[in-house]
Amino acid sequence: MRVFVVDNGGQWTHREWRVLKYLQVETKIVPNTTPFDQLGQVDALVLSGGAPDVASEAGRMGNNGEYIDKADFPILGICAGMHFMANHFGGSTGPAIRAEFSKTRLYVDEADGLFAGLPKEFDVWESHNDEVKNVPERFEVLAHSNTCKVEAMRSIKRPLYALQFHPEVENTDFGMDIFRNFLKQVEEWQK
Amino acid sequence: MMFDPKAFVEEKVEELRKKITGKAIIACSGGVDSTVAAVLVDRAIGERLLTVYVDTGLMRKGETESVRAMFIRLGVHFNVVDASDEFFGALKGVTDPEAKRKIIGERFIRVFEREAKTFGADSLVQGTIAPDWIESGDGVRDTIKSHHNVGGLPKDMKLKLVEPLWDLYKDEVRLVARYLGIEVAERQPFPGPALAIRIIGEVTPEAASIVRDACVIVEEELEEASSKGLMVRPWQYFAVLLPVQSVGVQGDRRAYGRTIAIRSVDSTDAMTASFSRIPYDVLERISLRISNEMKANVNRVVYDVTHKPPATIEWE
């Protein structure tokens, strides 16, 4: 399986690459300016987080839109990757009422898919100033926290997933399991 | 097996052998990263490598002597350079953290250029690991802090860089260090700019001496508490000298002294970290020792309870 990490300039982009490598997936980090056609044969993408304010600095998010439009395979957007996805499908993002940095309690609302086999609530690590204000149509919320309504969402039409928190960092409980679950979704999509 | 140190060593030694055709020097602080890099390159090119340790005047107590002794035990070809006057001179009057880091980065390179010239080397090996280049920033990533070995490099540098640990994090470097039997495998991380970034404000020999003494106390007490089983030894633990003075009373006399912050965190890879749950009795011992033994300079001790993010591990 080949899952590439699209680099939106996150502090933890390379951690996403490391987790995928540890899960024995063929992976590499690609700049977000790479044209879709030059990605080559790939089974899924992870859109990393990054410093851009997605609503006002869409240019810094490079070809994320092209990837979402042209791919039929699964995509996982993390943090800024999630914000981009929300805006791209007609939802909205903006400055969070309460920023979340480091430890945050996550409450799972939809326990299948990304959160299959995981506890109903656990601690995750965050680092975000913005948040999803309105979830796009045909997306559903999968998890929330006390200070952020949309911690995870997915499309009900396509294999598109998005997380506000960071499953790739060591301090997030079950982070590796969330990646494993995403890879399972990729496997199922391939069938 | 998630990371295979044996395969990594074999692959890197082979790669280094091909890459370094002439002579090289390695910038080695005696910490885990640069010592692992030194041993890898030593295996690849042997006598064509010179290990260079720079005493910046900002090292911890006894550090230069213990690193020298380790180099002798390792059997590497090394040189210890005393450049403390050069570093303090360049840092005079500088208070901005990024300016400090860049000045230090440049000073290191100037020393390495001189050493390389004498030795006839055209390559500079560094123990750069992933957090160093990630946090230094690039075209797409914000600069969180310019690590001296990446973001602090002067633009006119001509030495060819060789950085075999580029994609690794500290936990992986430690696996390699253990596999290679390197004695400093478990040593706590210590930043290249050394005590300069544990002094908030101007770096003077006097400030360095104060924070050095406070670091010794923090290290001794936490290491003793860990060896007694009162706590697990933290990932990284040290003192920071703050430019904040406060009023105190010492033996019926008014005092107006400086502040030391204790910083201690737990981490795996330095990309996220949580403050250590130090038992109160241990914090009390540290506080008592610092405020009594260092009464001439310090009359207040605080404990930093911030995770990374939003803080970073070091204060600058």
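Residue indices follow the written sequence of each chain, beginning from 1 at its first position. Just so you know, chain letters begin at A and ligand numbers begin at 1, following the order they were written in. Given that the model is predicted, a residue must reach a pLDDT of at least 70 before its local features are reported, and side-chain atom pairs must reach 80 or more before they are shown or counted; all residues, however, enter totals for whole chains, interfaces and linings. Calculated side-chain values reflect all of the structure's heavy atoms, with hydrogen atoms and water omitted.

Chemist: I'd like a description of the overall build of chain A, backed by residues and values.
Modeler: Elements are defined by DSSP. Helices are runs of H or I of four residues or more, strands are runs of E of two residues or more, and each kind is numbered from the N terminus. When its secondary structure is counted, chain A shows 4 helices and 9 strands. Helices and strands in chain A line up, N terminus first, as β-α-β-β-α-β-α-β-β-β-β-β-α. Across its three principal axes, chain A shows a C-alpha extent of roughly 40 × 35 × 30 Å. Expressed as a percentage of the 191 residues in chain A, the buried residues total 58%. Residue contacts are counted whenever heavy atoms from the two residues lie within 4.5 Å of one another. Across chain A, the fraction of contacts at a sequence separation of at least 24, relative to all contacts at a separation of at least 6, is 70%. For each residue, the accessible area found with a 1.4 Å probe, counting protein chains only, is set against the maximum for its type, and the residue is called buried under 20%, exposed over 50%, and partly exposed in between.

Chemist: Explain the sheet that holds strand β3 (residues 78-82) of chain B to me, using residue names and the numbers behind them.
Modeler: All names here are of chain B. When DSSP finds two or more bridges between a pair of strands, those strands are recorded as paired. Ordered in space as β3-β2-β1-β4-β5, the 5 strands form an open sheet in which the pairing is parallel. With one partner strand each, in any of the chains shown, β3 and β5 (160-162) form the two edges of the open sheet. Direction aside, neighbouring strands of the sheet carry axes that sit 30° apart on average. Relative to β5, strand β4 (residues 123-125) runs parallel, the two sharing 3 bridges. Bridging across to β5, Ser123 finds its partner in Lys160. Axes here mean lines fitted to C-alpha atoms, for a helix over just the part in contact, with angles spanning 0 to 180 degrees between N-to-C directions.

Chemist: Go over unusual backbone geometry with me, naming the residues and quoting the values.
Modeler: Keep in mind that most residues, glycine aside, have a negative phi and that most peptide bonds are trans. Omega for the bond connecting B:Lys308 with B:Pro309 falls within 30 degrees of zero, at -15°, which places this linkage in the cis form. The topology assignment puts B:Pro309 in the segment after β9 (298-303). The omega torsion across B:Pro309 and B:Pro310 is 10°, close enough to zero to call that bond cis. You can see B:Pro310 is positioned in the segment after β9. Backbone geometry places A:Ser102, a non-glycine residue, at a positive phi of 60°. In this fold, A:Ser102 is placed in strand β5 (residues 92-108). Relative accessible area serves as the criterion here: at 5%, A:Ser102 is assigned to the buried category. A positive phi angle, near 70°, is found at B:Ala270, a position not held by glycine. Position of B:Ala270 among the secondary structure elements: in the loop between β7 (253-267) and β8 (273-275). Given the relative accessible area of 17%, B:Ala270 is considered buried.

Chemist: With reference to specific residues and values, describe helix α7 (residues 170-180) of chain B.
Modeler: Burial within α7(B) is extensive, with 8 of its 11 residues counted as buried. When α7(B) is considered as a whole, its buried residues turn out to be B:Lys170, B:Asp171, B:Glu172, B:Val173, B:Arg174, B:Val176, B:Ala177 and B:Leu180. Summarising the contacts, the buried residues of α7(B) are in contact with α1 (13-22) of chain A together with α1 (5-19) and α2 (32-45) of chain B. Immediately beyond the C-terminal end of α7(B), within one or two residues, lies B:Gly181, with a positive phi of roughly 70°.

Chemist: Which residues make up the sheet that holds strand β6 (residues 121-134) of chain A, and what values do they have?
Modeler: All names here are of chain A. With mixed pairing, the 9 strands of this open sheet are ordered in space as β2-β1-β3-β4-β9-β8-β7-β5-β6. Edge positions in the sheet fall to β2 (29-31) and β6, since each of these pairs with one other strand and no more. With direction set aside, neighbouring strand axes in the sheet form an average angle of 25°. Pairing analysis gives 5 bridges linking strand β7 (residues 139-145) to strand β8 (residues 148-155), with the strands arranged antiparallel. Bridging from a neighbouring strand, Val141 pairs with Met153 of β8. Relative to strand β4 (residues 75-78), helix α3 (residues 80-88) is tilted by about 115°, and along the sheet it contacts β3 (44-47), β4, β5, β6, β7, β8 and β9 (160-163). Packing of helix α4 (residues 175-190) onto the sheet brings it into contact with β1 (3-7), β3, β4, β6 and β9, and relative to β3 it is tilted by some 145°.

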